[in-house]
Amino acid sequence: MIDRSKLPNSFEFVVTAGARARQLLNGSTPRVDVADHKKTTIAQKEVITRAVEKVEADTVATEE
């Protein structure tokens with residue numbers, strides 16, 4: 001279990017770790033030591049150690 005109380009933005013952590021867990025479940029290669037952990041725990045460790053980071057969605061400007 002990761003202590004989210006020390007994170008600057010726990011919501012961002014949860015969203016990023018969730019997205020990474022989905023990538024791991026779909027076959028992505030883990031970027032940290034796996035041991036016998038579940039994909040969700042691996043994703044959390046990757047976010048905490050900054051092995052992965054969030055990617056900002058490109059915003060599309062609309063012309064009027």
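Residues numbered from 1 in each chain as written. Predicted model: local features only at pLDDT ≥ 70, side-chain atom pairs only at ≥ 80, totals over all residues. Heavy atoms only, no water.

1. A short note on helix H2 (residues 39-48)
Move 1: Residues Ile42, Ala43, Glu46 and Val47 constitute the buried set of H2. The buried residues of H2 occupy one face: seen down the axis, they fall within an arc of 135°.
Move 2: Buried residues in H2 make contact with helix H1 (10-25). (Buried < 20%, exposed > 50% of the residue type's maximum accessible area, 1.4 Å probe, protein only. Helix = DSSP H or I, 4+ residues; strand = E, 2+ residues; numbered from the N terminus. Arc of directions from axis to C-beta. Contact = heavy atoms within 4.5 Å.)

2. Some thoughts on H1
Move 1: The terminal C-alpha atoms of H1 lie 22 Å apart, and with 16 residues this matches the ideal 22 Å at 1.5 Å per residue to within 8%.
Move 2: Turning to H1, the residues buried within the fold contact H2.
Move 3: With a side-chain oxygen lying 3.2 Å from the backbone nitrogen of phenylalanine 11, the N-terminal cap of H1 falls on asparagine 9.
Move 4: At the exit of H1 stands glycine 27, carrying a positive phi of roughly 110°. (Expected span 1.5 Å × (residues − 1). Polar contact = N/O pair within 3.5 Å; in protein donor to acceptor, adjacent residues only side chain to side chain.)

3. Let's talk about the pattern of salt bridges
Move 1: This structure, assessed with the given rule, holds 1 salt bridge.
Move 2: Arginine 20 serves as the salt-bridge partner of glutamate 46, at 2.5 Å between the closest nitrogen and oxygen. You can see glutamate 46 sitting in helix H2 and its partner arginine 20 sitting in helix H1, a full 26 residues away along the chain.
Move 3: A relative accessible area of 0% places glutamate 46 in the buried class.
Move 4: Taking the relative accessible area as the measure of exposure, arginine 20 reaches 5% and is therefore buried. (Salt bridge = Lys/Arg side-chain N within 4 Å of Asp/Glu carboxyl O.)

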